[in-house]
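Examination of the molecular architecture
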Amino acid sequence: MIAINELSKSFGALQVLKNIDLSVAEGEKLTIIGPSGSGKSTLIRCVNGLETPTEGEIIINGERLTSKNRTYIVRKYCAMVFQQFNLYPHMTVLQNITLAPIKLQKKSKSEAVDIAYEYLDMVGLRDKAQVYPSTLSGGQQQRIAIARALATRQKILLFDEPTSALDPEMVQEVLDVMIRLSHQDSITMVVVTHEMGFAKQVADRVIFLDNGIIVEEAAPEEFFESPKNERTVAFLSKILR
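Being a predicted model, the structure only gives us computed values, none of them experimental.

**Overview of the sheet that holds strand β8 (residues 188-192)**
Here we have six strands laid out as an open sheet, ordered β6-β7-β8-β3-β9-β10, and mixed in their pairing. This sheet does not close on itself; its edge strands, each paired only once, are β6 (78-81) and β10 (213-218). Within the sheet, the average angular offset between the axes of one strand and its neighbour, ignoring direction, is 20°. Where strand β9 (residues 205-210) lies against β10, five bridges are found, and the strand directions are antiparallel. Opposite Leu209, over in β10, you have Ile214 as the bridge partner. Packed on one face of the sheet, helix α6 (residues 168-182) meets β3 (29-33), β7 (156-160) and β8 and runs near 150° to β8. Contacting β3, β9 and β10, helix α9 (residues 230-239) crosses the sheet at an angle of about 95° to β9.

**Let's talk about the environment of Leu30**
Mapped onto the secondary structure, Leu30 falls in strand β3. Here the alpha-carbon distance between Leu30 and Arg205, two residues 175 residues apart in the chain, equals 5.2 Å. With residues up to four places along the chain from it excluded, the contact list for Leu30 reads Leu22, Val24, Met189, Val190, Val191, Arg205 and Ile207.

**Some thoughts on the nonpolar core**
If you look at the biggest cluster of nonpolar residues, it comprises 40 residues, and the most contacted ones within it are Ile146, Leu157 and Phe159. For this core, the secondary structure elements donating two or more residues are β6, α3 (93-103), α4 (109-122), α5 (138-150), β7, α6, β8 and α7 (196-202). With eight residues, the top contributor of residues to this core is α6. Look past the residues within four positions of Ile146 in its chain and what remains in contact with it is Val81, Phe159, Val174, Val177, Met178 and Leu181.

**Remarks on the sheet that holds strand β4 (residues 55-60)**
Read across the sheet, four strands follow the order β2-β1-β4-β5 without closing on themselves; strand pairing throughout is antiparallel. With partners counted over all chains shown, the strands left at the sheet margins are β2 (14-24) and β5 (63-64), one partner each. Across five bridges, the pairing between strand β1 (residues 2-11) and β4 is antiparallel. Its bridge partner lying in β4, Asn5 is registered against Glu57. Packing against the sheet, helix α1 (residues 40-47) makes contact with β1, β2 and β4, and its axis sits at approximately 120° to β1.

**A word on the packing of α4 against α5**
Closest axis-to-axis distance for the α4/α5 pair is 9 Å, and the angle between their directions is 135°. Taken together, α4 and α5 sit at an angle that is classed as oblique. Of the two possible hands of crossing, α4 and α5 adopt the one that is right-handed. Across the interface between the two elements, Tyr119, Leu120 and Met122 from α4 touch Ile144, Ala147 and Leu150 from α5. Residue composition of the contact of α4 with α5, by class: six nonpolar, no polar and no charged.

**Some remarks on empty space enclosed by the protein**
The tally for this structure, following the rule as stated, stands at one cavity of 30 Å³ or more. Volume-wise, the largest cavity comes out at about 60 Å³. The wall of the largest cavity is formed by Ile2, Ile4, Leu22, Val24, Leu30, Ile32, Leu43, Ile44, Val47, Leu158 and Val190. For the lining of the largest cavity, the elements supplying multiple residues, two or more each, are β1, β2, β3 and α1. It is α1 that provides the largest number of residues to the lining of the largest cavity, a total of three residues. Of the residues assigned to the lining of the largest cavity, the class counts are eleven nonpolar, no polar and no charged.

**Section: the pairing of β3**
When you tally the buried positions in β3, you get five out of five residues, the bulk of the element. Residue alternation in β3 divides its side chains into two sets, Lys29, Thr31 and Ile33 and Leu30 and Ile32, and both sets are buried. Pairing analysis gives four bridges linking β3 to β9, with the strands arranged parallel. In the strand pairing of β9, Thr31 is matched with Val206.

Parameters at a glance
- Chains are numbered independently. Their residues run from 1 in the order of the written sequence.
- A pLDDT threshold of at least 70 governs which residues receive local features in this predicted model, and a stricter bar of 80 or more applies before side-chain atom pairs are shown or counted, although totals over entire chains, interfaces and linings include all residues.
- In computing side-chain values, all of the structure's heavy atoms are included and hydrogens and water are not.
- Pairing between two strands is assigned when DSSP locates at least 2 bridges connecting them.
- Helix numbering and strand numbering both begin at the N terminus, where a helix is a DSSP run of H or I of at least 4 residues and a strand a DSSP run of E of at least 2.
- Comment: axis = line fitted to C-alpha atoms, over the contacting stretch for helices; angle = value between 0 and 180 degrees taken between N-to-C directions.
- Between two residues, a contact is recorded if the distance between any of their heavy atoms is within 4.5 Å.
- Joining through side-chain atoms within 4.5 Å is the link that ties buried Ala, Val, Leu, Ile, Met, Phe, Trp, Tyr and Cys residues into a set, and such a set is a nonpolar core.
- A simple rule labels every residue: compare its accessible area, found with a 1.4 Å probe on the protein chains alone, to the largest value its type can have, and call it buried under 20%, exposed over 50%, or partly exposed in between.
- Working definition: roughly parallel below 35 degrees, roughly antiparallel above 145 degrees, roughly perpendicular at 65 to 115 degrees, and oblique for all remaining angles.
- Left-handed is the label given to a crossing in which the near helix is rotated counterclockwise from the far helix by less than a right angle, and right-handed is the label when the rotation is clockwise.
- Throughout, the ten residues Ala, Val, Leu, Ile, Met, Phe, Trp, Tyr, Cys and Pro are labelled nonpolar, Asp, Glu, Lys and Arg are labelled charged, and all others, Gly among them, are labelled polar.
- Cavities and pockets were defined on a 1 Å grid built from protein atoms only: a cavity is a group of points that admits a 1.4 Å probe but offers it no way out, a pocket is an open group of points flanked by protein on both sides within 12 Å along at least five of seven lines, and a lining residue is one with an atom within 4 Å of any such point.
- Grid points are joined across faces, edges and corners, and a volume is the space filled by probe spheres set on the points.

Remember that the coordinates give geometry; whether it matters functionally is a separate question.
This is the structure:
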């Protein structure tokens, strides 16, 4: 579903990603972990067309992203959930969720509303459809952001540390929604996260990114129980204490 070939990204003199090669199969659940500043968010933003690679290529479902087609390709295949919820404060929850299906996918209002309620039910917030985001907790807002992404019915869901802005007591309610999503074979998920328990539970494969390089990748059982690279060992020993 996603093929990344020799991808590099620099911001001025700072090279954030260094010759990344990575493929993600259709329906795969991939988690990306690593220390702050390792390039995790930059990588996922390149996949979503929010950053332009300095070198290399990204191919989504057989179609190569270019400067001319990336908006079309990303809208065709990808939806993203960010660290910050990015909900429109002047719109109700329902209006936030129906905006993309109506404006970008040209669905009728009634069809978009039906889709919105389907995913509000999934995240357990149907009763919040007519309220404004400011009245919701952080965990509820992020669940609405997930429902908004799901309402586009894209094949690829990208998550950029979706729990990092939440208070600890709100983290699990968002993770529970993501765990339910992981059981859907039709959805390809790429999740940048610092939640190791989540990675262990849902990932088909874990990527450890450090200093812009993929240092190690493995199935979660192997990755967490017997990491091979000393940088991975050092990272896990700190984060799993």
